[in-house]
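# Chain and residue survey
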Amino acid sequence: MTGKTIVITSGKGGVGKTTTTANLGTGLAMRGHKVLIIDTDIGLRNLDVVMGLENRIVYDLVDVIEERCEPSKAMIRDKHKLDLFLIPAPQTRDKDCITSEQLADLCRTLEEEFEYIIIDCPAGIETGFKNAISAAQEAIIVTTPEVSAVRDADRVIGLLDSAGIKNPGLIINRIHPDLVAKGDMLDKDDIVDILAVDILGLVPIDDKVITSTNQGIPVVHSKNTASGAAFYRIAGRIAGEDIPLQEPQSPSFMKKIKALVGLKGGEYTHA
Amino acid sequence: MLELLRWNKTKHNTKETARDRLKNALAIDRFDLAPDIIEALRQDIKNAVSRYMVVADGEQQLKLRKENESIVLTTSISITEVHRWANTN
């Protein structure tokens, strides 16, 4: 098997990079792919708690890089998906303790075993970012429809380009459909026009992201939620499936539709 | 009158403001060229000028700055002599 390594990056912190990584990794596994997620946010690890795996950590990424254990020893198997694994970041080291070559070598080796390696990149554009992007063949940029996040995304697109990663896919996260409808939020067309990259997915703002993260279960497990469905569709697009883009609708609109067809939407279920 | 105020309010889109401010900020950000590109441009300008004049050794200033709505490139090159004919070979 020759898999590929995709880095999830944003420049700006707090736009939902880790949540997106957890959901896309899980979504790909739900679609039948063998996936490894690597948390490269050394010193500030979070993917473990977002995925509900924080109590299972024994070894971490730096233990693997410094050859204190085999990669397979540091891989934590997901609670729900058999073909989904996480290599956590260490919490007590700093970002300079690994090099881009070491991370790239590790990914090349593990690509023989996994279809997709998803790297969660630290915020910022310093060492941690450079290490994370140099190991990847493809990149996904996460932004929110805010001037600060879009500006940082533009910077990151430029840096990815210099590093040889062309045509990153863009995910616009936390879209408020009612604000977009009122003309009070940058919409998909504005952002695509400004950044000139391909759009990979649109994710609406959704309280379910918070409640599911509280439980350590990525929201993509509940495909009947607006955000879960969006992440599941994006995972399909990453896997090369032809899934048309859906503009997020305001919840009131969704409720009306669901009432019309007699569904009780928005309930949290395990899938 | 009240109707008019309401009309004005719905007409005002903050996203237009966001988009314009963003485009403006990015125009400046993107002109923050990488040092190797600046160096290559400086060398190209020097080579072009050298066909017509003798360029003095030393610092050649090259700056990009924003002036009203456009970005302006300025450069200053010290010249010691002007060729009588363009040196095109």
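Structural data are supplied above this passage.
This write-up is about the structure you can find in this document. This one's a predicted model, so the numbers in the text were calculated from it and none came from an experiment.

The biggest cluster of nonpolar side chains holds 50 residues, and the ones touching the most others in it are Leu36 and Leu195 of chain A. Setting aside residues up to four positions removed in sequence, Leu36 of chain A forms contacts with Met75, Phe85, Leu86, Ile87, Leu110, Phe114, Tyr116, Ile117 and Ile118 of chain A.

What follows is about empty space enclosed by the protein. All names here are of chain A. Going through the model one piece at a time under the given rule, you end up with one cavity of 30 Å³ or more. Here the largest cavity defines a volume of roughly 40 Å³. Along the walls of the largest cavity sit Thr19, Ala22, Asn23, Val50, Val209, Ser212, Thr213, Pro218 and Val219, which together make up its complete lining. Broken down by secondary-structure element, the contributors of at least two residues to the lining of the largest cavity are helix 1 (17-30) and helix 10 (207-215). Along the lines of polarity and charge, the residues of the lining of the largest cavity split into five nonpolar, four polar and no charged.

As a further point, take the interface of chain A and chain B. Opposite the 14 residues of chain A that make contact, chain B presents 12 residues. Here chain A and chain B share an interface that buries about 1200 Å² over both sides, 54% of which is from carbon and sulfur atoms. Three residues, Val147, Arg151 and Ile194 of chain A, lead the burial of chain A against chain B; their summed loss comes to 40% of the area buried on that side. For the pair chain A and chain B, the interface holds five salt bridges.

Now for the packing of helix 1 of chain A against helix 11 (residues 226-238) of chain A. Residues and elements named next belong to chain A. Interaxial distance between helix 1 and helix 11 falls to 8 Å at its minimum, and their mutual angle equals 65 degrees. Considered as vectors, helix 1 and helix 11 are oriented roughly perpendicular to each other. By crossing handedness, the relation of helix 1 to helix 11 is classed as right-handed. Counted together, Thr20, Asn23, Leu24, Gly27, Leu28 and Met30 of helix 1 and Phe231, Tyr232, Ile234, Ala235 and Ile238 of helix 11 form the full contact between these two elements.

Reading the values: the criteria
- Sequence order as written defines the numbering, with residues in each chain counted from 1.
- A letter from A marks each chain and a number from 1 marks each ligand, given out in the order of writing.
- Whole-chain, interface and lining totals are the exception, using all residues; otherwise, since this is a predicted model, local features are given only for residues with pLDDT of at least 70 and side-chain atom pairs are given and counted only at 80 or more.
- The side-chain values count all of the structure's non-hydrogen atoms but skip hydrogen atoms and water molecules.
- Buried residues of nine kinds, namely Ala, Val, Leu, Ile, Met, Phe, Trp, Tyr and Cys, make up a nonpolar core once their side-chain atoms join them within 4.5 Å.
- We call a residue buried when its accessible area falls under 20% of the maximum for its residue type, exposed when it is over 50%, and partly exposed in between, using a 1.4 Å probe and counting protein chains only.
- Residue contacts are counted whenever heavy atoms from the two residues lie within 4.5 Å of one another.
- Only protein atoms enter the 1 Å grid, on which a cavity is a set of points fitting a 1.4 Å probe that cannot get out and a pocket is an open set with protein on both sides within 12 Å along at least 5 of 7 lines, lining residues being those with an atom within 4 Å of a point.
- Grid points are joined across faces, edges and corners, and a volume is the space filled by probe spheres set on the points.
- The secondary structure listing takes helices from DSSP runs of H or I that are at least 4 residues long and strands from runs of E that are at least 2 residues long, numbered from the N terminus.
- When residue character is reported, Ala, Val, Leu, Ile, Met, Phe, Trp, Tyr, Cys and Pro are called nonpolar, Asp, Glu, Lys and Arg charged, and the others, Gly included, polar.
- When two parts are put together, the accessible area they lose, computed with a 1.4 Å probe and summed over both, is reported as buried area.
- By definition, a salt bridge exists where a carboxyl oxygen of Asp or Glu is found within 4 Å of a side-chain nitrogen of Lys or Arg.
- Between the N-to-C directions of two axes lies an angle of 0 to 180 degrees, each axis being a line fitted to C-alpha atoms and, for a helix, fitted only over the stretch in contact.
- Oblique is the label for any angle not covered by the other classes, which are roughly parallel (under 35 degrees), roughly antiparallel (over 145) and roughly perpendicular (65 to 115).
- Put simply, a crossing is left-handed when the front helix is turned counterclockwise from the back one by less than a right angle, and right-handed when it is turned clockwise.

Interpretation note: all reported values are geometric properties and have no functional meaning in isolation.
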